[in-house]
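Listed here are the chains, written in short residue letters.
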Amino acid sequence: MPRLAADAFRSKNVDLAADVCECQLAALADPGSRRQLLLRRADALAFGGKLAEAFDVYRRASEIGRLGPAHLDNLVQYLSDTIRRRGGRERRKGEEAAGRQPGAGGSYGDLSCRICLSFLFEPVTLPCGHCFCKKCLDRDGKDGGLPLLCRECGGSSGPHHGPGFRVNVVLSNLLAKWFPKLHRAGQLRREGNGLYGGKETEAALEKYDQAIEMAPMDHILFSNRSQIHSTLKQHKKALRDAEVACRLMPHWSKGHVCKAQALVSLGRKEDALREYLVCLSIEPDCRLANMEVHKLLGDLLAPVSDQVPEHISDYSTPQSSTAHIKNTIDAPFQIFSPRLLSSESRLPSKLPDPEQSESFQGKCQGRPEVRKLDHYLTLKRKLRSTEDKSKEEQQKTNKEHKRSKFEPAEGSESADICDPMDLECSLCMRLFYEPVTTACGHTFCLQCLERCLDHNPKCPLCKEEMSEYLVQRKYCKTVLMENLISKYLPSELMERQKIHQEEMAEFSNLNKNVPIFVCTMAFPTVPCPLHIFEPCYRLMIRRCMETGTNSFGMCLGDNLRGFADYGCLLEIRDVKFFSDGRSVVDTIGRRRFKVIQHSERDGYNTADIEYLEDVKVEGIAEQELQSLHDMVYDQALVWVNSLKAEQKERIEGHFGPMPEKDSELQASPNGPSWCWWLIAVLPLEGRAQLPFLALTSLKDRLTGIRKVLLFMAQSRHR
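About the criteria used
- Residues numbered from 1 in each chain as written.
- Predicted model: local features only at pLDDT ≥ 70, side-chain atom pairs only at ≥ 80, totals over all residues.
- Heavy atoms only, no water.
- Helix = DSSP H or I, 4+ residues; strand = E, 2+ residues; numbered from the N terminus.
- Buried < 20%, exposed > 50% of the residue type's maximum accessible area, 1.4 Å probe, protein only.
- Contact = heavy atoms within 4.5 Å.
- Areas by Shrake-Rupley, 256 points an atom, 1.4 Å probe, with all protein chains shown as cover.
- Pairing = 2+ DSSP bridges.
- Phe/Tyr/Trp six-rings, centres within 6.5 Å; stacked < 30°, edge-to-face > 60°.
- Expected span 1.5 Å × (residues − 1).
- Salt bridge = Lys/Arg side-chain N within 4 Å of Asp/Glu carboxyl O.
- Disulfide = S-S within 2.5 Å.
- pLDDT = per-residue confidence, 0-100.

## Some words on the overall build of the chain
- Summing up its helical and strand segments, the chain has 30 helices and 10 strands in all.
- Counting across all 718 residues of the chain, residues that qualify as buried make up 47%.
- Partitioning the intrachain contacts of the chain with sequence separation of at least 6 by distance along the chain shows that 64% fall at a separation of at least 24.
- With an accessible surface of roughly 36,300 Å², the chain has 50% of that area assigned to carbon and sulfur atoms.

## Comments concerning the environment of Leu232
- Topologically, Leu232 is positioned in the loop between helix H10 (219–231) and helix H11 (235–248).
- Residue class for Leu232 comes out partly exposed when judged on its relative accessible area of 22%.
- The sequence separation of Leu232 and Thr201 amounts to 31 residues, and the corresponding C-alpha distance is 7.5 Å.
- The contacts of Leu232, once residues within four sequence positions are left out, are Thr201, Glu202 and Leu205.

## Looking at the pairing of strand S10 (residues 604–612)
- Summarising burial for S10: eight of the nine residues are buried, a large majority.
- For strand S5 (residues 514–518) and S10, the ladder comprises three bridges, and the chain directions are antiparallel. The residue bridging Ile516 from the neighbouring strand is Asn605, located in S10.
- The pairing of strand S9 (residues 583–601) with S10 spans nine bridges and is classified as antiparallel. Residue pairing in the sheet places Val595 in a bridge with Ile609 of S10.
- Hairpin geometry of S9 and S10 is characterised by an intervening segment of two residues between the two adjacent antiparallel strands and by a positive phi of about 50 degrees at Asp602.

## Remarks on the packing of aromatic side chains
- Per the counting criterion, the structure on display carries seven aromatic pairs.
- Where Trp178 meets Tyr488, the ring centres are 5.2 Å apart and the plane angle is 90 degrees; that geometry is what we call edge-to-face. In this pair, Trp178 is assigned in helix H7 (residues 169–178) and Tyr488 in helix H23 (residues 479–488), connecting sequence segments 310 residues apart.
- Judged by relative accessible area, which is 0%, Trp178 ranks as buried.
- Residue Tyr488 is classed as buried on the basis of its relative accessible area, which comes to 12%.
- Ring geometry for Tyr633 and Trp674: centres 5.1 Å apart, planes at 80 degrees, overall edge-to-face. A residue pair is termed long-range when its members are at least 10 positions apart, and Tyr633 in helix H26 (residues 620–641) and Trp674 in helix H28 (residues 673–681) qualify at 41 residues. Per residue, the accessibility class of Tyr633 equals that of Trp674, and both read buried.

## Brief notes about helix H14 (residues 287–301)
- Between its first and last C-alpha, H14 extends 21 Å over 15 residues, near the 21 Å set by a 1.5 Å rise per residue.
- The complete set of buried residues in H14 reads Ala289, Glu292, Val293, His294, Leu296, Leu297, Gly298, Leu300 and Leu301.

## Structural notes on the environment of Met466
- Along the chain, Met466 turns up in the loop between helix H21 (446–455) and helix H22 (467–472).
- Along the backbone, Met466 and Cys440 are 26 residues apart, and their C-alpha atoms lie at a distance of 9.4 Å.
- With residues up to four places along the chain from it excluded, the contact list for Met466 reads Thr438, Leu449, Leu453, Pro457, Lys458 and Cys459.

## So, the environment of Ile115
- Structurally, Ile115 can be placed in the loop between helix H5 (69–98) and strand S1 (123–125).
- When its relative accessible area of 14% is taken as the criterion, Ile115 is described as buried.
- Between the C-alpha atoms of Ile115 and Leu137, which are 22 residues apart in sequence, the distance is 8.3 Å.
- Look past the residues within four positions of Ile115 in its chain and what remains in contact with it is Phe132, Cys136, Leu137, Asp140 and Arg151.

## Notes on the pattern of salt bridges
- Taken as a whole and assessed by the stated rule, the structure comprises 25 salt bridges.
- A salt bridge links Asp209 to Arg225; its shortest N-O distance comes to 2.8 Å. Taken together, the positions of Asp209 in helix H9 (residues 201–214) and Arg225 in helix H10 put the pair 16 residues apart, joining distant regions of the chain.
- For Asp209, a relative accessible area of 31% translates into the label partly exposed.
- Asp614 serves as the salt-bridge partner of Arg701, at 2.6 Å between the closest nitrogen and oxygen. Of the two residues, Arg701 sits in helix H30 (residues 698–717) while Asp614 sits in the loop between S10 and H26, which places them 87 residues apart along the sequence.
- According to the relative accessible area criterion, Asp614 is buried, its value standing at 13%.

## Considerations on unusual backbone geometry
- Although it is not a glycine, Met429 sits at a positive phi angle of roughly 60 degrees.
- As for its position among the elements, Met429 is in the loop between helix H20 (414–417) and strand S3 (435–437).
- The class of Met429 is exposed, set by a relative accessible area of 52%.
- With phi around 70 degrees, Thr525 is a residue other than glycine that occupies positive phi space.

## So, the state of the cysteines
- Inspection of every chain in the model, using the stated rule, returns zero disulfides.
- We note that Cys150 lacks a disulfide partner, and the nearest cysteine sulfur, in Cys128, lies 3.6 Å from it.
- The class for Cys150 is buried, based on a relative accessible area of 5%.
- Counting only cysteine sulfurs, Cys128 is the nearest neighbor of Cys153, a cysteine outside any disulfide, at a range of 3.7 Å.

## Digging into the confidence of the model for the chain
- Scored by pLDDT, the chain has a mean of 78; 74% of the residues are at 70 or more.
- pLDDT under 50 marks residues 98–104. Its contacts with residues more than four places away, or in other chains, come to nine contacts.
- Scored below 50 in pLDDT, residues 332–407 makes 108 contacts in the model with residues more than four places away or belonging to other chains.

As structure tokens, then:
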């Protein structure tokens, strides 16, 4: 029977589990076994949604012995899961009613830190491109050892997580200029925290009072001031601030913890239980909330003594405590009301001062928080309806209402404040395009930073070492910076994008201004590995990859013109980077070309080119060509097989084995691939190989190869 009950509970057949336990109770006399069975039945009833019966059974179990945390785990799990499910639905409705994207965190939109959900203060940019408050990252990284993970995308902090996180200089200055009040509130909060840590509580309270005047919509300020009030034993004020924090940010677990602590201090433990349960529904791993919920439930379900404290006398019977806990489950959903999150029910720009009369507090106690807010909003709407406004004033009001509350410069036109110069790259002196932020906190255009690192693996401004980034080659764009540019400087961004697209179109043209690597001979279908270390060629290779062509020309050097008039187009197959900026590029030859015009760009050579193809022949000429081809191929095989084993192994390790004959002799515009392989491995100087590249007659090329093979055969016999 016990096993049957356990199996039924695990399979979520809670009704059967409860019935089995009830049948077993009649046959048990041992108190310990009876309590164990009562707890199982209570858990089954709770998960079956029969809370009234469940609490009655829990109380019967507590009469045998006080219930500890382990006994109440299932009950706590059920309560928090129920709140989470219902709260999730209400939250989605609220977000839809407010016109926000589901899951968007923070009351400041893009300017919110996704950890504290408050306005970004001293923003730090992680390698993944997301920004957080420096203090939030420092707090999350206190454990040390493991890399910090981004709360937004789960990416690792990587090289940023070293001696300390560095503030994004450009973004910090920008937010301070565009949002001076919010930035000043952050400074006051930091000063207040310092004073509070130094036991100067009154001075800390003063700083927080000033900060709230600057930023009356910041839930962090109210939460922290609530803690200060608690330290000063001003528990009613602490509760009031905690309630405001919960209203401003309903899905912030710390706000509900603050409120619960204030309620406990005021002796309202049942209301505190509700807040701790809401906290667990938001953050299931919160140790403090979990511990307090177990403690409060244990007290509430404990046997009633003769001397009942006055503040819990109303819940001294099983019926009253059951009803109250059921209300505890239902009440939290009112904080997720869509009305609370809708644009029509925003909190006033100046919240009620804590020093107001006690009548405000009296009205608040024992009521759901939303009723106070709805009452306030109703009065506010009535006052608005009685105001006599002209049509012009109404239009102006509507326009201001639609305008984002986070638009720069309160009361000023954004065009006057959003100066494009605030978002200029210090290297190219143009608007940031694909901005990336280094570990030292400096921001540059992606391409500008890469070009600087081609010459020196250090930050262009502070000269901090950046060798690790040269190896990883993972530059993620600073998301917030891009969002601010697109939102406040759309026309400037469009112009910048247009310039970039024109540059990319020019770089991707494989007929005009084709990049030329002046080094050695290269041939179609033949691999050509390269060691890149010069800054100009680092830039050239990167541009080839950015445009998607993955191609550049290879020419032999020329003393008069810089490079030869004939070359081969190479395709990049793979690139391996090193910490000092060097790279090994694996390429293969594709097409031959003739240089029409020599030129130069950004330190490397370019050329206008035209591609070469073999002239096809037919009839008797084709038959003669086939005979010549077969004869020369056989001669080539003889020469290759005559090589020493070590020589042959080195050649095949570099160029691969000799290709087989092509099924169609004239199928490729470059001719048979074995010809180019043989020309590449024959012991000829570059100047002797170059004429083969210029030939468009396969017959002439085969004749030339035959002459070289005959000469080498004769030399071997001498």
